[in-house]
Amino acid sequence: MPVATLESALPTTKSAKTVLAPEELFAPTASDLRARSELTPSEKRALHNKKKKAKRKARDLLQNHADKYAKMKDPRKQKQAALETVVKSGKGVTVVGKKNKELLTRKSKKS
C-alpha cells in the first residue's frame, strides 16, 4: 500500500505563528491614518460632526470674547483686559510705546 507524505514548505525552526502577516498579528487601531475614501460611512459622519463641533466651539469662544470687549467703552480698559487675558502676571510683557511713556513721565516728575 503506497503512502503519500506531504512536506511542509516552512523552515523547521520557524512556527506557523511567526509567518503570519502583520495585520494578522497586530489589530489595526482607530488612530491609524486612513484616507477619507477608506472610511466607512459612519466614520465619515463621525469625522464630519467632530469637525463641525470644533468649528462651532471656536466660533462661540471668539464671539464670547468679542462680546466681552465690546461692552467696555474705554480703550485703556480694553487694552488692559486684553493684556491680562494674554499674560496673567504681566511679567516679561512690554506693550510697544508704553515703556517710553513711563520713562518720560518719570523724568518729567524728577525735573
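Residues numbered from 1 in each chain as written. Predicted model: local features only at pLDDT ≥ 70, side-chain atom pairs only at ≥ 80, totals over all residues. Heavy atoms only, no water.

## Details of the overall build of the protein
Item 1. When you go through the protein residue by residue, the secondary structure sums to four helices and zero strands.
Item 2. Burial statistics for the protein: of 111 residues in total, 4% are counted as buried.
Item 3. Counting every atom, the protein has about 11,100 Å² of accessible surface; 59% of that belongs to carbon and sulfur. (Helix = DSSP H or I, 4+ residues; strand = E, 2+ residues; numbered from the N terminus. Buried < 20%, exposed > 50% of the residue type's maximum accessible area, 1.4 Å probe, protein only. Areas by Shrake-Rupley, 256 points an atom, 1.4 Å probe, with all protein chains shown as cover.)

## Structural notes on the pattern of salt bridges
Think of it this way: side chains of opposite charge can pair up when their charged atoms draw near.
Item 1. Considering all chains together, one arrives at one salt bridge under this definition.
Item 2. One salt bridge in this structure joins R34 and E43, with 2.8 Å as the shortest N-O distance. (Salt bridge = Lys/Arg side-chain N within 4 Å of Asp/Glu carboxyl O.)

## Brief notes about the confidence of the model for the protein
Reading fine detail from the predicted coordinates is not recommended where pLDDT is low.
Item 1. Looking at the protein as a whole, its pLDDT mean stands at 75, while 61% of the residues score no less than 70.
Item 2. Per-residue pLDDT, averaged within each element of the protein, yields its smallest value for helix α4 (residues 98–110) (62) and its largest for helix α2 (residues 41–71) (87). (pLDDT = per-residue confidence, 0-100.)

## As for a positive patch on the surface
Item 1. Side chains of K52, K53, R56, K57 and R59 sit close together on the surface and give a patch of like positive charge.
Item 2. Residue position: R56 is located in helix α2. (Patch = residues over 30% accessible without salt bridge, like charges linked within 9 Å, V, L, I, M, F, W, Y side chains within 5 Å. Lys, Arg positive; Asp, Glu negative; His and termini not counted. Charge placed at Lys NZ, Arg CZ, Asp CG, Glu CD.)

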